[in-house]
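Report on the structure
One-letter residues, chain by chain:
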Amino acid sequence: MLTKRIIACLDVAAGRVVKGVQFQQLRDAGDPAELAAAHSEAGADEVVLLDVTATHENRSTLIDTVRRTARQLFIPFTVGGGIRSLEEAAAVFDAGADKISINSAALADPSLITRIAERYGSQAVILAIDAKRVSAQARFQAYVSGGRKPTGRDAVAWAREATKRGAGEILLTSMDRDGTGAGFDCELTRAVSEAVSIPVIASGGGGDARTFVEVFDRGRADAALAASIFHFGLRHIADLKRELHDGGIPVRWPC
Amino acid sequence: MIAIVDYGAGNLTSVKKAFDYLGAQTVLTRDPALVAKADKIVLPGVGHFSSTLLLDQTGLRAAILERVRQQVPFLGICVGMQWMFDSSEEAPTVPGAMLFAGKCERFPATVKSPHVGWNSLVSSEGSQLFRGIPSGSFVYFTHSYRVPLTKATVARSEYGGEFSAAIECGHLFGVQFHPEKSGRTGMQLLKNFCEL
């Protein structure tokens, strides 16, 4: 049976893992290569490395971090943050990434999705959407530039278009929930998951096991991503997977 | 030495990295002459079935098939396994290697496609590839087309119906999943291949 994936996300800045709350207040959380290996060992199904600074000057640092992290990681490895062109994607793939995640650059030029998918396959292209509720309604707007700029695009419509253009998965972050541990936005996740034919990774708000059960059941997520709950020893992935397994969610356990 | 055939398809470095980690001697190559001398051949792959056309255009196809006739162990991964069959619905005019009879087909519309993630296997006893790997183990898949069950199937998986997760016949091996991305289970499988 196809299992629900638990994905560990490492936000990196200048070669170090950091974590903020609602896209602010970055704190140091360790070495990316070491943390990636530790997460894999603990039972993470995938690792995502997101360059949260994503500046041009930091590009070579990022490539070096990707190479170091990939060397001893034998589970799927995604890299995102600041990838603006096919050439930048190629450099990340060459350094050992299995998939890339793109956000702002795809909104600016949606053909980028297709160009990367044609060269590396759709399975290698994750479209990341940072979505925020429009007032209290069940409508969601896509944001870019690390959540700083509203785009006016409806998140569900954008997910649908990206799928047509060749994206292989959607990484959907609720900006309202990011870093809070208060639970995923199941309404948002379900709206996107039912609108597209490709897997949806829910992100933002992961907390106790119950929040994961909810996003898999009610949110129809195929995978769930979390960062802060894994980094500071708040919760061990193995414990979370055991709890999900006991709660009847199909997960890779034991692994 | 293990020749990892480079035909421009995706995950070559991941596959090489995994063999390097196991201490195997490998070479990434698109040179038919090197393939003709290899002790073992690995054909990785991610992407479109039509990318295998490059094998025909470069003389790699002939070199691989000649070496396979000489009983050299061969492992096809993902599209590499699909290539071992007659053809694929993904690119109906592109010929496979025809080492096994059958056609790769699309997943039914009842399930999301591609099939992405960790799925469990039901494996047969006596497989060389699955030595030390218990039935029920999880491996990582990412694909939109699949090989139906055949007489050579040694591991099955289920997603919108059962399909071949692995095939094995003598010195010919194929896996639909990605052993290089399947954690300890995948590394054990690659180690088994190295030790053949």
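As shown above, the structure is provided for reference.
Here the residue index of a chain counts from 1 through its sequence in written order. Here the convention is simple: chains get letters from A, ligands get numbers from 1, in the order in which they are written. In view of the model being predicted, local features appear only for residues whose pLDDT reaches at least 70, and side-chain atom pairs are presented and counted only at 80 or more, with totals across whole chains, interfaces and linings using the full set of residues.

Moving on, we get to the overall build of chain A. What counts as a helix is a DSSP run of H or I of at least four residues, what counts as a strand is a run of E of at least two, and both are numbered from the N terminus. The secondary structure content of chain A amounts to 10 helices and 12 strands. We compute the radius of gyration from the C-alpha atoms alone; for a globule the expected value is 2.2 Å times N to the 0.38, where N is the number of residues. Expected size for 255 residues packed as a compact globule is a radius of gyration near 18 Å; at 16 Å, chain A falls within 12% of this value. Taken along the three principal axes of its C-alpha coordinates, chain A extends 45 × 40 × 35 Å. As a rule, residues whose C-beta atom has 12 or fewer other C-beta atoms within 10 Å are exposed, those with 20 or more are buried, and those in between are partly exposed; C-beta atoms are placed from the backbone. Per-residue burial over chain A gives 54% buried out of 255 residues. Across chain A, every contact between residues at least 6 apart in sequence was considered, and the portion connecting residues at least 24 apart equals 65%. We call two residues in contact when the distance between their C-beta atoms, placed using the backbone, is within 7 Å.

Counting its regular elements, chain B contains 6 helices and 13 strands. Here chain B has a C-alpha radius of gyration of 15 Å; the compact-globule value for 196 residues is 16 Å, and the two agree. Reported as C-alpha extents along the three principal axes, the dimensions of chain B are approximately 45 × 40 × 30 Å. Counting across all 196 residues of chain B, residues that qualify as buried make up 54%. Restricting the contact set of chain B to residue pairs at least 6 apart, pairs at least 24 apart contribute 67%.

All names here are of chain B. Spatially, the 3 strands line up as an open sheet ordered β5-β6-β10, and their pairing is mixed. Each edge of the open sheet is held by one strand with a lone partner, namely β5 (87-88) and β10 (145-146). Relative to strand β6 (residues 103-106), β5 runs parallel, the two being bridged by 2 bridges. Counterpart to S87 in the pairing with β6 is K103. Strands qualify as paired when DSSP identifies two bridges or more between them.

Taken together, the contact pairs 26 residues of chain A with 28 residues of chain B. Partitioning the side of chain A that touches chain B into residue classes produces 11 nonpolar, 8 polar and 7 charged. Gly falls in the polar group here, along with every residue not listed as nonpolar (Ala, Val, Leu, Ile, Met, Phe, Trp, Tyr, Cys, Pro) or charged (Asp, Glu, Lys, Arg).

All names here are of chain B. In terms of residue burial, strand β9 (residues 138-143) counts as a mostly covered element, since 6 of its 6 residues are buried. Residue alternation in β9 divides its side chains into two sets, F138, Y140 and T142 and V139, F141 and H143, and both sets are buried. The pairing of strand β7 (residues 115-120) with β9 spans 6 bridges and is classified as antiparallel. Paired with V116 across the bridge in β9 is T142.

Looking along the chain, the bond that leaves W253(A) and enters P254(A) is cis, with omega of -5°. Within the secondary structure layout, P254(A) lies in the segment after α10 (237-246). Residues S113(B) and P114(B) are joined by a peptide bond in cis, for which omega reads 5°. Here P114(B) lies in the loop between β6 and β7. If you check the backbone angles, M98(B) has positive phi at about 60° while not being a glycine. You can see M98(B) is positioned in the loop between β5 and β6.

Right, let's talk about the environment of E105(B) for a bit. Residue and element names in this part refer to chain B. Along the chain, E105 falls in strand β6. Classification of E105 as partly exposed rests on a count of 15 C-beta atoms within 10 Å. Among all residues touching E105, those that are not within four sequence positions of it are E89, Y145, R146 and P148.

Turning to helix α3 (residues 86-94) of chain A, a few remarks are in order. Residues and elements named next belong to chain A. Buried within α3 we find A89, V92 and F93. End-on, the buried residues of α3 take up no more than an arc of 100°, which puts them together on one face. Exposed side chains of α3 directed beyond 90 degrees from the buried face belong to E87 and D94. In the core, the buried residues of α3 are packed alongside α2 (59-71), β5 (77-80), β6 (99-102) and α5 (111-120). G96, located one to two residues past α3, shows a positive phi value of around 120°. The arc in question is the one traced by the directions running from the helix axis out to the C-beta atoms.

With that settled, the discussion passes to the nonpolar core. Residues and elements named next belong to chain A. Membership of the largest hydrophobic core comes to 139 residues, with the highest contact counts inside it found for I100, L127, I170, I201 and A224. The leading source of residues in this core is strand β1 (residues 5-13), at 7 residues. Once you skip the residues sitting within four places of it in the chain, I170 turns out to touch L127, I129, A159, A162, V192, V196, I198, V200 and I201. What makes a nonpolar core is a set of buried Ala, Val, Leu, Ile, Met, Phe, Trp, Tyr and Cys residues, with links drawn between C-beta atoms within 7 Å.

This part is about the sheet that holds strand β1 (residues 2-5) of chain B. All names here are of chain B. The sheet built from 8 strands is open, its strands ordered β2-β1-β3-β4-β13-β12-β11-β8 with mixed pairing. This sheet does not close on itself; its edge strands, each paired only once, are β2 (26-29) and β8 (122-123). Bridge count for β8 against strand β11 (residues 153-158) is 2 bridges, and the pairing is antiparallel. Along β11, the bridge assignment pairs S123 with A155.

For the rest of this paragraph, the subject is the pairing of strand β4 (residues 74-77) of chain B. Strand residues, when the strand is regular, have side chains that alternate between the two faces of the sheet. Residues and elements named next belong to chain B. Here β4 shows no split at all, with F74 and G76 on one side and L75 and I77 on the other all buried. Pairing between β4 and strand β13 (residues 172-175): 4 bridges, direction parallel. Looking across to β13, one finds that F74 is bridged to L172.

Moving on to the packing of α3(A) against α5(A). Residues and elements named next belong to chain A. Axis separation between α3 and α5 bottoms out at 10 Å; the angle between their running directions is 40°. With respect to α5, the axis of α3 lies oblique. Taken as a pair, α3 and α5 cross one another with a handedness that is right-handed. Within the contact between the two elements, α3 uses L86, A89 and F93 and α5 uses R115, I116, R119 and Y120. Of the residues assigned to the contact of α3 with α5, the class counts are 5 nonpolar, no polar and 2 charged. Axis lines are fitted through C-alpha atoms, for helices just across the contact stretch, and the angle between N-to-C directions can take any value from 0 to 180 degrees. Should an angle lie under 35 degrees it is considered roughly parallel, over 145 roughly antiparallel, and from 65 to 115 roughly perpendicular; all remaining angles are considered oblique. Two helices cross in a left-handed way if the nearer one is turned anticlockwise from the farther one by less than a right angle. They cross in a right-handed way if the turn is clockwise.

This is a description of form; function is not addressed.
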